[in-house]
Amino acid sequence: FEDMEGFMCKTPAIADIVILVDGSWSIGRINFRLVRTFLENLVRAFSVDFDKTRIGLAQYSGDPRIEWHLNTHSSKEAVIEAVKNLPYKGGNTLTGLALTFILENSFKPESGSRPGVPKIGILITDGKSQDDVIPPAQSLKDAGIELFAIGVKNADENELKAIASPPEETHVYNVADFSVMSDIVEGLTKGVCDRVDQLDKQIKDSLAPPRDLVIADITARSFRVTWTHATGQVEKYRVVYYPASGGQPEEKVVQGTDNSVELNYLNSLTEYQVAVFAIYRSSASQALRGSATTLALPSVNNLELHDITHSTMRVRWRAAIGATGYMILYAPLTEGESADEKEVKVADSVNEVELEGLSPDTEYTVTVYAMYGEEASDPMTSQETTLPLIPARNLRFSEVDHSSARLTWESASRLVRGYRVMYVKTNGVQTTEVDVGKVTTYLLKNLTSLTEYTVGVFAIYDEGEAEAVTESFTTKVVPDPLDLKSSDITAESFRVSWQHPATDVTLYRITWTSTDGGDSKDALVDSNVNTYKITGLSPDSEYEVLLAAIYANEIESDEVILVENTVPLSAPKNLRVSEEWYNRFRISWDVPPSPTMGYRVVYQPLSAPGPALETFVGEDVNTMLIVNLLSGTEYSVKVIASYTTGSSEALSGRAKTLYLGVTNLSTYQVRMTSVCAQWQTHRHASAYRAVIQPLLGSQKQEIRLGAGSNLHCFSNLKPNTEYKISVYAQLQDGTEGPAATATVKTLPTQAPTKPPATTPLPTIPAAKEVCRAAKADLVFLVDGSWSIGDDNFLKIIRFLYSTVGALDRIGPDGTQVAIAQFSDDARTEFKLNSYTNKERLLDAVNKISYKGGNTKTGRAIQHVKENIFTAEGGVRRGIPNVLVVLTDGRSQDDVNKVSKEMQMEGYIVFAIGFADADYGELVSIASKPSDRHVFFVDDLDAFQKIEEKLVTFVCEAATATCPSVPMSGSTTPGFRMMELFGLVEDRYNSIYGVSMVPGTFNAFPSFHLHSNALLAQPTRFIHPEGLPSDYTISLLFRLLHDTPEEPFALWEILNKNNEPLAGVILDNGGKTLTFFNNDYKGDFQTVTFEGPEIKKLFFGSFHKLHVAISKTSAKVFVDCKMVSERSINAAGNITTEGLEVLGRMVRSRGNKDNSATFQLQNFDIVCSTSWASRDKCCELPGLRKEAECPALPKACTCTQDSKGPPGPPGVPVSHTHTHSNPIQLH
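On a predicted model such as this, the values are computed, not experimentally measured, just so you know.

Bringing the packing of aromatic side chains into the picture now. Summed over all chains, the structure comprises 25 aromatic pairs. A centroid spacing of 6.1 Å and a plane angle of 40° characterise the contact between W512 and Y532, whose relative ring orientation is tilted. You can see W512 sitting in strand 32 (residues 505-514) and its partner Y532 sitting in strand 34 (residues 531-534), a full 20 residues away along the chain. On the basis of relative accessibility, which here comes to 25%, the residue Y532 falls in the partly exposed class. Members of the aromatic cluster, each reached through a chain of ring pairs, are Y668, W786, F793 and Y850. Against the face of F277 rests R238, its NZ or CZ located 5.4 Å from the ring centre.

Shown next as structure tokens:
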């Protein structure tokens, strides 16, 4: 410090000083002037300026007021002037209020208080405060304000000490009077000055700036600023930066915990000044400063021009880091005038661009800039030349003829817009041009023959026309007419025809001349004609024909030559034979083209001697019936046309009359005085004449028989005598054919055997135990053909007697029996309802007579099906239908078709063969399995070996509780419920509310049960003996979209009061399946099945359901796969006095039953619990295996055994002609 005109505070530190002056009445105006002087001296000791020490002043009494703020005056002189003019306020002494006032009003930034600058408060008072001063004084101290207290006169020293900051030695001043205040000015100013210096150092120590400024990661648009943290409690750092060359400063503020920041969006190649400030709670540090210069903007690298065409090229470069986009400038390099430069801008993600619309064969300069906002990098430039327009290539010629040629060339480029073809005669001057579009082939027309042409093809682009590809070709000579030939040749004319050689022919010239000499004749015909009839010719003469084509330019082709002969006089043609009969036939012929005078017909037998016969018919006749001929005789026939100039050649052929005679004449039942003859009937015979006479003797017998007769027995003959039998066929008109003959010798005389004394009456056999419960409709079909013989037929009758005798009850309450005998046709011996008594039935069996004839088994089985198993014949519903077939030989007709029908329709068929029977045929006839239904013995004496087993099997099949039914290609005990309810093709249409729709296969019908179809049948018809103890319910069905959600019974049995006894229930809403019945104790029991596999039944597709019921359990199978099992008690039997119903709703009440809608394809009840595991679900397409399943219904299947019987022997080929067949021509 230096002493110059009073003390001057020389510290460089600055301060904000606020003086609080007591202006109460106790001071008085005179003393207040002394206070002004004191203040003036105080102010003079400091360097007062806007950026140095600032001085503000407040005066208080009862209420304080600001005289001037810290930022009111910016010079010492202005402050001193304000002190001189300070007015005296007057009032009470409220020092505490005044202290609070300056805290709230003077030490504020808006009042000029600066952060980081020492704060000084100086109180001048003359008395004790009238309010509390300690809290306000402490608030000022807490705010960092250093307080000095000056007391005058009556001031309370303790109060001054309480107000002032420590130490009191330097901060509290007390003088006795205002007049001596000047004595403390220097000490006060020194104390204040020293304290300002100390406070400044403390503040600067606590507001230290950051250190060690580092600028790194410098790019063209950014760099990173890093520093070492400042000491103290730094709240934030403020980074200020601006271009050194001038510009608006920018700043970034980061948290006090950060010591690094990246400055972005800078200008490239620019020096920046950087200042970093530490921001404290109440002030900021000095700046840490530095500078850095940004780099130049990166430009693109590896500029490449590629994929150059005539109008495009691609530009590719390596991307520049940080670029916001790219700008491409391109222009052709031209001499003289500068070309227009074009610009393309792309995003920063693009580094390849195709330039389009370029001129062909032109060098281009391409420049690429990397863009950084609005700034551009240094350019990268390259040059390339576009390709010239590509011409068409490989011009070639095809289909060259006299007036046209096809051009073909290869495409120049996919950018070609079209092609122009120019052609000219090589030696000519006139050119022809045509624009052909975007094709690569073109047909040139209207050319001159034998002329060379030069052709040019130009490829046309949007940018212009490429150079032409050129070639030459020469047209050919005009062609001759093609394929000249003749037709329609007669004695006076023929027609010539040809093919057009080209489309531009204008005329044809035809010339013809006889090769024997004479004048030529010619004719011109139009170009659209290719045929000409030459007339006026001589018969049987040779002519030469010349044909030339004349073209539009009068050029004429070479002539083509044809030589042809006219024909001689025409003979008839195509001799035909028809209406062959035993004494006549008809001949017909085609008339010749030339008119005739008539026809000579000559005919003669080939084998018989004698002259030829001849007749003449007129010119309008072309058919003739030749009569009075020999039977079975071949004739030669000739037809000759007659003309005025002579006769034609003969039209020859052969014809034969039919043979009127019987065949296959044989004898049988030869005895001492009688013999029988049989023969193959003649199809046209109206009667037969049979004659027998001994070879030695004249006595003969003769009889005339009807057309249907094929046998006759002669009696009253002599024993041991040779006879000749002759049989003649006769026509309606009396014509008789040649005799068919046979010789036979009657048996010699035998001594008579002594008859038994008495003939015991046959006894009625007792019923076998196995047949006690038999209840069936049983038919025996017995072979009565000639091959059986009388003796064997009696054995068959004994066998039938024994078998029928094994039955118990005969009639409607037991087993009904019918017998039919067959040979060529079948004869019903008696029907099912003919006998209701066993004794009368057996008597009828014994009276059956032997029929005789051929073996037509198929026809006989059809007879049984259509005439015996009928309602009129006594057949009963719900009763097994059993057929037993006995035969000794192979059938002479087809048995497969009708046998398959019988088996498919549920008939149980047994086949018994003996002697020459065909075992394979027996298998075809019988039901399956064959080991149960087919029996074979060597002869009828061995019948006893099979009788016991046959009777057992037949009676088991006839047991009504579980009759045998066909199932999957074999027979199984059970019930065909579809048939029992009438749901079959030939009966369903009589059932109300049922329609037939396709099933799982087209061959399988399915039946749609509508809501008004409540199908019911009496239980006694379906299960007359009740349900078996073990059985499987088999259903193939599907639910529909309109199937109700409520439960319904697929099938159930009701008693006469409509109460359910047993059945299967589906709940479409709950997706469950329930079976119910009454157990052996009479208790009602139900089992319900659910789960994913059960839910499949409700999804709208066909599914096969098996419910297997045993004495202990109920098992459910879905689509032949077991899904669940439940325990149940053994069932009690049902009453048959009720109904069995399909589709009945569970909630039906009384007589108001209603039905569910669903489709039903199969319904069987099989008397076995193993059926579900044996069933192969062959009806479901997804599960059907053809190798394991029987053929589909109505499928065409062929087996070795399906051959039909042999037909009747034919007449030798050399002796017959059939109706309308062509005959042999000579």
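After presenting the structure, the write-up continues.
On to the sheet that holds strand 37 (residues 573-578), then. Spatial strand order, 37-38-41: 3 strands in an open sheet with antiparallel pairing. Either end of the sheet is taken by a strand with one partner, and the two such strands are strand 37 and strand 41 (623-626). Averaged over neighbouring strand pairs, the angle between their axes works out to 20° when direction is ignored. Summarising the sheet, strand 38 (residues 585-590) and strand 41 pair through 4 bridges and their orientation is antiparallel. In the strand pairing of strand 41, R586 is matched with L625.

One open sheet accounts for 3 strands, arranged 14-15-18; its pairing is antiparallel. Only two strands of the sheet have a single neighbouring strand rather than two, namely strand 14 (301-306) and strand 18 (352-355). On average, each strand axis in the sheet is tilted by 15° relative to the strand beside it, whichever way the strands run. With 4 bridges joining them, strand 15 (residues 313-318) and strand 18 adopt antiparallel strand pairing. Residue pairing in the sheet places M313 in a bridge with L355 of strand 18.

Turning our eyes to something else, we now look at the UniProt feature "domain: Fibronectin type-III" (unreviewed entry) in the chain. Here, UniProt's "domain: Fibronectin type-III" (unreviewed entry) annotation points to residues 209-299, 300-390, 391-480, 481-570 and 571-661. Counted over residues 481-570, helix gives 0% and strand 53%. Its end C-alpha atoms are 32 Å apart.

Along helix 2 (residues 76-84), the positions that sit buried rather than exposed are K76, V79, I80, A82 and V83. All buried residues of helix 2 lie within an arc of 160° about the axis, which places them on one face of the element.

We now examine the packing of helix 8 (residues 790-805) against helix 14 (residues 943-957). Helices that pack against each other are described as a pair by the angle of their axes relative to one another and the distance between those axes. Look at helix 8 against helix 14: their axes get within 11 Å of each other, and the N-to-C directions meet at 30°. Relative to helix 14, helix 8 is oriented roughly parallel. As helix 8 packs across helix 14, the resulting crossing turns out to be right-handed. Facing helix 8, whose interface residues are K795, I796, F799, S802 and T803, helix 14 presents F943, E947, L950 and V951. Taken together, the residues of the contact of helix 8 with helix 14 break down into 5 nonpolar, 2 polar and 2 charged.

What counts and what doesn't
- Residues numbered from 1 in each chain as written.
- Predicted model: local features only at pLDDT ≥ 70, side-chain atom pairs only at ≥ 80, totals over all residues.
- Heavy atoms only, no water.
- Phe/Tyr/Trp six-rings, centres within 6.5 Å; stacked < 30°, edge-to-face > 60°.
- Helix = DSSP H or I, 4+ residues; strand = E, 2+ residues; numbered from the N terminus.
- Buried < 20%, exposed > 50% of the residue type's maximum accessible area, 1.4 Å probe, protein only.
- Lys NZ or Arg CZ within 6 Å of the ring centre and 35° of its normal.
- Pairing = 2+ DSSP bridges.
- Axes fitted to C-alpha atoms, helices over the stretch in contact; angles between N-to-C directions.
- UniProt positions renumbered as here; feature names shortened; annotations may be inferred.
- Arc of directions from axis to C-beta.
- Parallel < 35°, antiparallel > 145°, perpendicular 65-115°, else oblique.
- Left-handed = near helix turned anticlockwise from the far one by under 90°.
- Contact = heavy atoms within 4.5 Å.
- Nonpolar A, V, L, I, M, F, W, Y, C, P; charged D, E, K, R; others polar.

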